[in-house]
Amino acid sequence: MGDLRHTEEVMGTVVSFAVHPGTLDELAARRAIRRACATLHRADTVFSTWKHESPLSRLRRGEITVGDAPAEVGEVLQSCSYAREVSGGWFDPWAMPGGVDPTGLVKGWAAQRALADLESAGVEAAMVNAGGDVIVSGEPEPGRPWRVGIRHPFDGSRCICVITATGAVATSGTYERGPHVLDPHTGRPTGAAVSATVVGPDLALADALATGLLAAGEAGLANVARLPGYSAMVVGGDGNPITTDDFPLDVFAV
Amino acid sequence: MRRAPLVLSATAVGMVVLLSFRTHPLSLSIPGATAAPSRTSGSTRSSSSNTTGSNAPSGSTATVPSTTVTGSSTSGTSTSGTSTSGTSSTSASGTATGVAENTGYGIIQVRVTVSAGRITDVTAVQVTAPDIHSQEINAQAVPMLRGQVLSAQSAQIDGVSGATYTSQGYDASLQSALDKLGYKK
């Protein structure tokens, strides 16, 4: 059978799925997509900073503790803590005004879990693209890896490069977060980079690291390179990309 | 760290892509580029033409039949709304209009033309924006997204990392149009 595609409005963005069911029948594959979407909506319910009564909003206001909140909250904050440590403090949800804000990691975390739903159902290959944060498994065609374009920071009609993906690809850019990316160490704008991409096995961590790398700029590349399986690219204000040595560059494009 | 060599190869590939563009017929009309006045009241999602993708309130699922996408023939006349669906291995051709998608900055709906298995044009047939700010975002995003679709096809990209919010609605509308034509990305 052919591929299945699905788009879902959730978490303030749109998440698109491309699923190759393989030996799985279509009904089972669609059921798996529905389950993955439920996972995304659940993450939105728990972690939305826009919904006044979400557990995260209540935690931020001090109305509940982490212990009172659903178990995912503790899990995500633990991941945030790890990301803060390995990013050298460049990703720091506790440095945000208005209370802890794990938003820079949650979208990736939720998409990673959505992919896990598809994998556990037995699909052959899949891509989940959560508003530009991408996670893949398997291959789109036998012998061909997934190819992911990285949006050009100055020209959204182009990609600055194309990479081969076997796991997570997260990109953070000033075009999306505004020109004033704050340095969590000082609370001041950095202007170190206009775009940062992190590639690695886990999209939650890649998402967080890309957020931090955008603030850190070139100086943050070494922190990512130190992590097994992770690589990165930073595009500076001059438009020139700098990558770690093992960044899975396919072609410079288009 | 790696630097300069990348920029050199960028130029080379960019040239190749430009050249390959020229061999395909491209209509350059983008009627939606400056937030068209049409407006979908009420529901956030409407379908101008039937079939797949418009049934669920918060999502659209469609089966994309496996069709062979090769060649660069310039044949293929466009028939709006025609669906050359299916299971055959011939290349998809035709024109179809996608589902109207809510992007968060208004509604977007695109029409795609496929000729001999290649996307030859994408136009926004509907771009609405609830306010000036959204209009500005759309005015900037819509032409960019069109370029992204056409260039992504040249580079055989499966997805784009760092895409904007608006682009996802654009992609969703595009995908539903492609589904009607039985086109496989």
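The rules behind the values
Residues numbered from 1 in each chain as written. Chains lettered and ligands numbered in written order. Predicted model: local features only at pLDDT ≥ 70, side-chain atom pairs only at ≥ 80, totals over all residues. Heavy atoms only, no water. Helix = DSSP H or I, 4+ residues; strand = E, 2+ residues; numbered from the N terminus. Buried < 20%, exposed > 50% of the residue type's maximum accessible area, 1.4 Å probe, protein only. Areas by Shrake-Rupley, 256 points an atom, 1.4 Å probe, with all protein chains shown as cover. Contact = heavy atoms within 4.5 Å. Pairing = 2+ DSSP bridges. Axes fitted to C-alpha atoms, helices over the stretch in contact; angles between N-to-C directions. Phe/Tyr/Trp six-rings, centres within 6.5 Å; stacked < 30°, edge-to-face > 60°. Expected span 1.5 Å × (residues − 1). Polar contact = N/O pair within 3.5 Å; in protein donor to acceptor, adjacent residues only side chain to side chain. Parallel < 35°, antiparallel > 145°, perpendicular 65-115°, else oblique. Salt bridge = Lys/Arg side-chain N within 4 Å of Asp/Glu carboxyl O. Left-handed = near helix turned anticlockwise from the far one by under 90°. Nonpolar A, V, L, I, M, F, W, Y, C, P; charged D, E, K, R; others polar.

Asker: Outline the overall build of chain B, listing residues and values.
Answerer: Looking only at helices and strands, chain B has three helices and seven strands in total. Considering chain B as a whole, with its 185 residues, one finds that 49% of them fall into the buried category. Just so you have it, chain B exposes about 8,100 Å², and 58% of that area is on carbon and sulfur atoms.

Asker: Help me get a handle on the overall build of chain A, residues and values and all.
Answerer: Assigned secondary structure in chain A consists of seven helices and eleven strands. Within chain A, buried positions represent 60% of all 254 residues. Relative to all contacts within chain A whose residues are 6 or more apart in sequence, the contacts with residues 24 or more apart total 58%. For chain A, the computed accessible surface area is about 9,700 Å², with 51% contributed by carbon and sulfur atoms.

Asker: So what about the sheet that holds strand β11 (residues 249–251) of chain A? Which residues, and what values?
Answerer: An order of β11(A)-β6(A)-β5(A)-β7(B) is seen for the four strands of this open sheet, with the pairing classed as mixed. Each edge of the sheet is formed by a strand with only one pairing partner; in this case those strands are β11 of chain A together with β7 (159–161) of chain B. This sheet shows a mean twist of 45° between the axes of neighbouring strands, independent of strand direction. Here strand β5 (residues 146–151) of chain A runs beside β7(B); their pairing, made up of three bridges, is parallel. Within the sheet, the bridge partner assigned to Val148(A) lies in β7(B) and is Gly159(B).

Asker: Please provide a residue-by-residue account of the packing of aromatic side chains, values included.
Answerer: All names here are of chain A. Counted under the stated rule, the structure contains one aromatic pair over all chains. Aromatic pair Phe47 and Trp109: ring centres 5.4 Å apart, planes at 75°, arrangement edge-to-face. Taken together, the residues Phe47 in helix α1 (residues 26–47) and Trp109 in helix α4 (residues 103–121) connect sequence positions 62 residues apart. On the basis of relative accessible area, Phe47 is assigned to the buried category, the value being 5%.

Asker: Report on the environment of Asp179(B), specifying residues and quantitative values.
Answerer: Tracing the backbone through its elements, the reader meets Asp179(B) in helix α3 (residues 165–181). Between the C-alpha atoms of Asp179(B) and Ala96(B), which are 83 residues apart in sequence, the distance is 8.9 Å.

Asker: Give a description of helix α6 (residues 203–216) of chain A that names residues and reports values.
Answerer: Residues and elements named next belong to chain A. Look at α6: 19 Å from first C-alpha to last across 14 residues, which is about the 20 Å you get at 1.5 Å a residue. Most of α6 sits out of view: 14 of its 14 residues are buried. Of the residues flanking the start of α6, the one acting as N-cap is Asp202, its side-chain oxygen 3.3 Å from the backbone nitrogen of Ala204.

Asker: So what about the pairing of strand β1 (residues 3–10) of chain A? Which residues, and what values?
Answerer: Residue and element names in this part refer to chain A. Burial analysis of β1 places seven of its eight residues in the buried class, the great majority of the element. In the sheet, β1 pairs with strand β2 (residues 13–20) via seven bridges, with the strands oriented antiparallel. By the bridge assignment, Val10 is partnered in β2 with Thr13. The loop that links β1 with its antiparallel partner β2 comprises two residues; one of these, Met11, has a positive phi angle of about 55°.

Asker: Tell me about helix α3 (residues 71–86) of chain A, residues and numbers included.
Answerer: Residues and elements named next belong to chain A. Given a rise of 1.5 Å per residue, 16 residues ought to cover 22 Å, and the 23 Å separating the end C-alpha atoms of α3 matches this to within 8%. The complete set of buried residues in α3 reads Glu72, Val73, Val76, Leu77, Cys80, Ala83 and Val86. Where α3 is buried, its residues meet α1, α2 (55–60), α4, α6 and α7 (221–225). Positioned one or two residues after α3, Gly88 has a phi angle of 65°, which is positive.

Asker: For the side chain of Thr197(A), give the residues involved together with the corresponding values.
Answerer: Take Thr197(A): it is sitting in strand β8 (residues 195–200). Apart from residues no more than four positions distant in its own chain, Thr197(A) is found in contact with Ile150(A), Val169(A), Ala170(A), Thr171(A), Leu213(A), Ser231(A), Ala232(A), Met233(A) and Phe247(A).

Asker: Lay out the environment of Ser137(A) with the relevant residues and their values.
Answerer: All names here are of chain A. Note on placement: Ser137 falls in strand β4 (residues 133–137). Accessibility expressed as a relative area gives 8% for Ser137, which makes it buried. Expressed as a C-alpha distance, the spacing of Ser137 and Leu118, which sit 19 residues apart in the sequence, is 9.5 Å. Leaving out residues up to four positions away in the same chain, Ser137 has contacts with Leu115, Glu119, Ala125, Ala126 and Trp146.

Asker: An account of the packing of α1(A) against α3(A) is requested, with residue identities and associated values reported.
Answerer: The packing of two helices is summarised by the inter-axis angle and the distance between the axes. Residues and elements named next belong to chain A. Two numbers describe how α1 lies on α3: the axes approach to 10 Å, and their chain directions differ by 85°. Classed by the angle they form, the pair α1 and α3 counts as roughly perpendicular. Listed contacts from α3 to Arg42, Val46 and Phe47 of α1 are Glu72, Val73 and Val76.

Asker: Quick one: what's the story with the pattern of salt bridges, residue by residue and with numbers?
Answerer: All names here are of chain A. For the structure on display, the rule yields twelve salt bridges over all chains. In this structure, Lys107 and Asp133 form a salt bridge, with 3.5 Å as the shortest nitrogen-oxygen distance. Linking Lys107 in helix α4 with Asp133 in strand β4, this pair joins segments that are 26 residues apart in sequence. By the burial criterion, Lys107 is buried, and Asp133 matches it. By sharing partners, the salt bridges in this structure join Glu53, Arg58, Arg61 and Glu63 into a single network.

Asker: So what's going on with the packing of α4(A) against α6(A)? Residues and values would help.
Answerer: Residues and elements named next belong to chain A. Interaxial distance between α4 and α6 falls to 7 Å at its minimum, and their mutual angle equals 155°. As summarised for this structure, α4 and α6 are arranged roughly antiparallel, according to the angle between their axes. α4 and α6 meet at a crossing whose hand is right-handed. In contact with Gly104, Leu105, Lys107, Gly108, Trp109, Ala111 and Gln112 of α4, α6 contributes Leu203, Ala204, Asp207, Ala208 and Thr211. Residue composition of the contact of α4 with α6, grouped by class: six nonpolar, four polar and two charged.

Fair warning: the whole summary comes from geometry, so function is off the table for now.
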